[in-house]
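Each chain, written out:
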Amino acid sequence: MIDMRLIRENTRDVQTSLKQKGVDFDLNIILNLDEERRDIIQKVEALKRQRNTISKDVGIRKKAGQNADNLIAETTSINEDIKSLDAKLGELDDQIKTFMLQLANPAHFSVPVGHDASENVVIKEWGKRKIFSHKALDHLELGEKLGLFDFQRGTKIAGPGFPLYTGLGAKLERSIINFMLDFHTEKHGYKEIFPPFVANSKSMTTTGQLPKFGEDMYLAGKDELYLIPTAEVPVTNIHQEEIIPVDEFPVKYAAYSACFRREAGSYGRDTKGFLRLHQFNKVELVKFTHPDESYNELELLRRDAEDILEALGLEYRVIDLVTGDLSFSAAKCYDIELWAPVEEKWLEVSSCSNFEDFQARRGNIRFRPNGGGKLQFAHTLNGSGVATPRLLVALLETYQTEDGHFKVPEVLVPYMGRDLI
RNA sequence: GGAAGCGUAGCCUAAUUGGUAAGGCAGCGGUCUUGAAAACCGCCGUCCGUAAGGACUUGUGAGUUCGAGUCUCCCCGCUUCCGCCA
């Protein structure tokens, strides 16, 4: 949520940065409602003041054994006016809140201005291009040959997009997850979290999935619980409605979760294999920071994700998303993409974002600044560290041997208990 | 699923038959002091207002009332017990 004061006092800047983000919404709609709201507040508060004064007098008179009927009569019309003004005020509040919850987070000034993904800026490339001297298999051919997964049966059980990992494929998946969790907790100082895989609508509102993107999620309607699209949701909501002691900053959590996405509207895109799924595994990194530190922490967060890919020896590049490609809640975001040498495509495996106080406002996540003073909203960040399906694609394609086997990357050998599949 | 109890500000705790939220701790500013402590004063939840000031706030929402922490109802959460169950 954007600070109403910022909209009021800095309308033009907010309007501009929303436009750069591709949001076509006239802030005057909100400003007019806000003005009307404040006008009514003044009127209704004056009336309430009158009523309070009279009530006090009634109490005094009654205590003294005097009659107060004429005073009580006075309140009748005042109360009627208050009631109707309060009702109007409630409506305005609802309207304003509805608009505010649907307004995207403006981009940070450092974000390059651009319309869509085609204008994104590559800011870093790492690793050596894999060149095959033999005919290489793509990840599906290799995986099926080695019996690592079974998409047909996964589809039978749940439908397309729900992968079934089998045998050493299942173990490889589990090894990757364990490796990433150990890496982030032991080397990068994150606290491990194992969160619920469902969340209620309030939690979904905090992180920004609701109210706008409900269609993208699975809903267990009977209990009004959503399947989480990312561990960002439960982990960010750990401190919902809380005050974080300032000396605990930065709070760093690493969480594995399965992620569920309906992918409504993307049918027919990337349907092949692991490129786009309804259920996938991901280790998510979440940070709560002091506002002064969040952009520094974003860089560190990105490094932590990159570190995983370097440990696995995979070629990657980092993208600085332009304003038009930023997600609803993000003020700034880096994508990290892996090179799939057979597909010959860049695959997004991580998004590292700073949400500034956008989520903290929605979830009321605060801290008391050093030296005292008013409670302030914390900054929240998160990044994938990383998602497994596309990582698996890059791994299988990169580490295949000439005779159609898979050479287990060194860091995964202890987890797999073998160096070849 | 059933029963009982509880929910007051960052934390802790009060509030007669309904009379308009008292205090303590922590924190911030100030007075005093060489400095600190103590003591004292102010601030210490949200909103409106340039300000003076005012309104709101006892988990949420509604109702009764001139007036609700207090009475009534819905809902939410927590605790304990019972039932069911991995």
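Just so you know, these numbers come straight off a predicted model, no measurement behind them.

Draft legend 1. Main features of the packing of aromatic side chains. For the coordinates displayed, the defined rule picks out 17 aromatic pairs. Between Phe25 and Phe99 the ring centres are 5.3 Å apart and the planes differ by 45°, which places this aromatic pair in the tilted class. Separated by 74 residues along the polypeptide, Phe25 in the loop between helix H2 (11-20) and helix H3 (27-63) and Phe99 in helix H4 (residues 69-102) bring together distant segments of the chain. For the ring pair Trp126 and Tyr316, a centre distance of 5.5 Å and an interplane angle of 15° mean the geometry is stacked. Of this pair, Trp126 sits in strand E1 (residues 121-126) while Tyr316 sits in strand E9 (residues 316-320), and the two are 190 residues apart along the sequence. A relative accessible area of 29% places Trp126 in the partly exposed class. Joined through ring pairs, the aromatic side chains of Phe149, Phe151, Tyr165 and Phe274 make up one cluster. Of note, Arg129 hangs over the ring of Trp339, and the distance from its end group to the ring centre comes to 3.9 Å. Over the face of the ring belonging to Tyr334 we find Arg302, whose NZ or CZ atom lies 4.8 Å from the ring centre.

Draft legend 2. Molecular detail of the sheet that holds strand E4 (residues 219-220). As summarised here, the arrangement of the 3 strands in space is E3-E5-E4, forming an open sheet in which the pairing is antiparallel. The two strands at the open ends of the sheet, each matched to only one other strand, are strand E3 (198-199) and E4. Judged from the 2 bridges that link them, E4 and strand E5 (residues 225-227) form a sheet pairing that is antiparallel. Bridge pairing in E5 links Leu219 to Tyr226.

Draft legend 3. Focus on the pattern of salt bridges. Enumeration over the complete set of coordinates arrives at 24 salt bridges. The partner of Arg361 in a salt bridge is Asp3, with the nearest N and O atoms 3.5 Å apart. Taken together, the positions of Arg361 in helix H11 (residues 358-363) and Asp3 in the segment before helix H1 (4-9) put the pair 358 residues apart, joining distant regions of the chain. For Asp3, a relative accessible area of 29% puts it in the partly exposed group. When the shortest N-O distance is used, the salt bridge between Arg153 and Asp150 registers 2.8 Å.

Draft legend 4. Here's a closer look at H2. For H2, every residue scored as buried is listed here: Val14, Ser17 and Leu18. The buried residues of H2 occupy an angular sector of 105° when the element is viewed end-on, so they sit on one face. Pointing more than 90 degrees away from the buried face of H2 are the exposed residues Arg12 and Lys19. Tucked into the core, H2 has its buried residues touching H1 and H3. Positive backbone phi, approximately 90°, marks Gly22, located one or two places after H2.

Draft legend 5. Structural view of the nonpolar core. Counting residues in hydrophobic clusters, the biggest one holds 57 residues, and the most contacted among them are Leu309, Leu391, Leu395 and Phe406. Counting residues per element, this core draws most heavily on helix H7 (residues 168-187), at 7 residues. Setting aside residues no more than four positions away along its own chain, Leu395 makes contact with Ile176, Leu312, Leu314, Phe406, Pro409 and Leu412. One finds Met4, Ile7, Val58 and Ala68 within the second-largest nonpolar core, a separate group that totals 28 residues.

The rules behind the values
- Residues numbered from 1 in each chain as written.
- Chains lettered and ligands numbered in written order.
- Predicted model: local features only at pLDDT ≥ 70, side-chain atom pairs only at ≥ 80, totals over all residues.
- Heavy atoms only, no water.
- Phe/Tyr/Trp six-rings, centres within 6.5 Å; stacked < 30°, edge-to-face > 60°.
- Helix = DSSP H or I, 4+ residues; strand = E, 2+ residues; numbered from the N terminus.
- Buried < 20%, exposed > 50% of the residue type's maximum accessible area, 1.4 Å probe, protein only.
- Lys NZ or Arg CZ within 6 Å of the ring centre and 35° of its normal.
- Pairing = 2+ DSSP bridges.
- Salt bridge = Lys/Arg side-chain N within 4 Å of Asp/Glu carboxyl O.
- Arc of directions from axis to C-beta.
- Contact = heavy atoms within 4.5 Å.
- Core = buried A, V, L, I, M, F, W, Y, C linked by side-chain atoms within 4.5 Å.

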